[in-house]
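Working through the structure, step by step
Residues per chain, in single letters:
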Amino acid sequence: MVSDNGHPRPFLKWAGGKRQLLPALRPYYPDAIGTYFEPFVGSGAVFFDLWRQGRLAASRAVLSDHNADLIGCYLRLGDAAPALVAHLETLAAGHAADGRAHYYAVRDGAFNPGRRAWRAAGGRAADYPVALAAMLLYLNRTGYNGLFRQNAAGEFNVPAGRYERPRIVDRALLESAAAVVGDPRVQVEHAPFDRVLTAARAGDFVYLDPPYAPISRTARFDAYTAQRFSDEDQERLQRALVALAERGVAVVLSNSTAPAVTRLYEGNAAARAAGLRARRIPARRAINSRGDRRGVVDELLVTNVRPERSAR
């Protein structure tokens, strides 16, 4: 996760991030984009890919998520990058001196207490402190697989990762990402997906990467907020996707091939009538509690965009 000659790339690791899937997604980018919406932004891999290709040069972008910490981090990167980087450099120095002990001291002694105080004051993403954003980036770079996971009490509980020399501060990457996230054409919003998508109109493009429905009991990684993304939420998302397609919005959704998902799209009459087609594509799974279950699996891609012959 490094910068590419100053071109912006995701600045966060995120469970289910789509960098590995970009070659399969690119044929479904529409030629013209009015406003781009990514309501489960995560690491923003598709957004940064579109931006890097110049596909959003004449477009607005709306990046949103239900995770207030994530959106708060995006906002502070966009409007307070120098202060954020300064905090992050201090955290990196502490990690270099004390490694895992420093990780847990930050997680339990600073980040979670700071989040409790922030939530007690309203928990608005717009008010996310720069220090918390820096700690989130630090924990993201040094925690297990870059997960963001909370327990039922809303406490961040990801254990330390096993990294020899994690690159905690990549100044070029952060500066290039900050320039994009802070661009006046880019709107960053803390909101549920259905509220954001009411604004999408014909000619717009929506990419949806929701918390995946688990395909096994050991593959549950939907607790990135204290409230899980349930089967009922997957059904609400399917109805929103159908409504978008019916009003002429270009849509692409990626999800797991769990039965709770495939029944909503493969052979579903409402989805097919709206012009949505489901395809299974191979993807590499990097996270599982058992190492022997990581590797290439099928993911579901649902779209109303006719693919190009080859990806850009």
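Residues numbered from 1 in each chain as written. Predicted model: local features only at pLDDT ≥ 70, side-chain atom pairs only at ≥ 80, totals over all residues. Heavy atoms only, no water.

Focus on the overall build of the protein
Assigned secondary structure in the protein consists of nine helices and seven strands. In the protein, buried positions account for 54% of the 312 residues. In the protein, 76% of the contacts between residues at least 6 apart in sequence involve partners at least 24 apart. Approximately 13700 Å² of the protein is accessible, and the part contributed by carbon and sulfur atoms is 50%. (Helix = DSSP H or I, 4+ residues; strand = E, 2+ residues; numbered from the N terminus. Buried < 20%, exposed > 50% of the residue type's maximum accessible area, 1.4 Å probe, protein only. Contact = heavy atoms within 4.5 Å. Areas by Shrake-Rupley, 256 points an atom, 1.4 Å probe, with all protein chains shown as cover.)

Topic: helix H7 (residues 231-246)
Residue pairs spaced three or four apart in an α-helix point in one direction, given the helix's 3.6 residues per turn. End to end, H7 covers 23 Å across 16 residues, agreeing with the expected 22 Å (1.5 Å per residue, within 8%). Inspection of H7 places Asp 233, Gln 234, Leu 237, Gln 238, Ala 240, Leu 241, Val 242, Leu 244 and Ala 245 among the buried residues, and these make up the whole buried set. Positive backbone phi, at 85 degrees, marks Gly 248, one or two positions downstream of H7. (Expected span 1.5 Å × (residues − 1).)

Regarding unusual backbone geometry
A positive phi is found at Asn 145, a non-glycine position, where the angle reads about 55 degrees. Residue placement: Asn 145 occurs in the loop between helix H4 (130-142) and helix H5 (171-181). Residue class for Asn 145 comes out partly exposed when judged on its relative accessible area of 26%.

Quick notes on the nonpolar core
Across soluble globular proteins, nonpolar side chains have a tendency to be buried as a group. If you look at the biggest cluster of nonpolar residues, it comprises 68 residues, and the most contacted ones within it are Phe 11, Tyr 36, Phe 47 and Tyr 74. Phe 193, Leu 197, Ala 258 and Tyr 265 belong to the second-largest nonpolar core, a separate cluster that totals 30 residues. (Core = buried A, V, L, I, M, F, W, Y, C linked by side-chain atoms within 4.5 Å.)

A look at the environment of Arg 9
Looking at the element boundaries, Arg 9 is found in the segment before helix H1 (22-25). In sequence terms Arg 9 and Leu 173 are 164 residues apart; their C-alpha atoms lie 6.9 Å from each other.

Remarks on H4
Helix length check: H4 (13 residues) gives 19 Å between terminal C-alpha atoms against 18 Å at 1.5 Å per residue, within 8%. In terms of residue burial, H4 counts as a mostly covered element, since 12 of its 13 residues are buried. The complete set of buried residues in H4 reads Val 130, Leu 132, Ala 133, Ala 134, Met 135, Leu 136, Leu 137, Tyr 138, Leu 139, Asn 140, Arg 141 and Thr 142. Structurally, H4 contributes buried residues whose contacts are with helix H3 (68-120) and H5.

Considering the pattern of salt bridges
Going through the model one piece at a time under the given rule, you end up with 18 salt bridges. A salt bridge links Glu 155 to Arg 116, with the shortest nitrogen-to-oxygen separation between them at 2.7 Å. Of this pair, Glu 155 sits in the loop between H4 and H5 while Arg 116 sits in helix H3; the two residues are 39 residues apart in sequence, bridging distant segments of the chain. Classification of Glu 155 as buried rests on a relative accessible area of 16%. Since its relative accessible area comes to 40%, Arg 116 is described here as partly exposed. (Salt bridge = Lys/Arg side-chain N within 4 Å of Asp/Glu carboxyl O.)

Overview of the side chain of Arg 76
Looking at the secondary structure, you find Arg 76 in helix H3. Leaving out residues up to four positions away in the same chain, Arg 76 has contacts with Ala 81, Leu 84, Ala 125, Ala 126, Asp 127, Tyr 128, Pro 129, Val 130 and Ala 133.

Considering the side chain of Glu 155
Of the polar contacts made by the side chain of Glu 155, one reaches the side chain of Arg 116; its length is 2.7 Å. In contact with Glu 155, other than residues within four places in its own chain, are Asn 112, Arg 115, Arg 116, Arg 119, Arg 149 and Gln 150. (Polar contact = N/O pair within 3.5 Å; in protein donor to acceptor, adjacent residues only side chain to side chain.)

Considering the confidence of the model for the protein
Put simply, the protein has an average pLDDT of 90, and 89% of its residues get 70 or more. Note that residues 1-5 has pLDDT below 50 and, in this model, 15 contacts with residues that lie over four places away or in other chains. Predicted confidence for residues 287-293 stays below pLDDT 50, and this span has 14 contacts to residues more than four positions away or in other chains. (pLDDT = per-residue confidence, 0-100.)

Here we look at the pairing of strand E5 (residues 250-256)
The element E5 is extensively covered by neighbouring structure, given that seven of its seven residues are classed as buried. Strand direction decides the pairing type here: strand E4 (residues 205-208) and E5, joined by four bridges, are parallel. Counterpart to Val 206 in the pairing with E5 is Val 251. (Pairing = 2+ DSSP bridges.)

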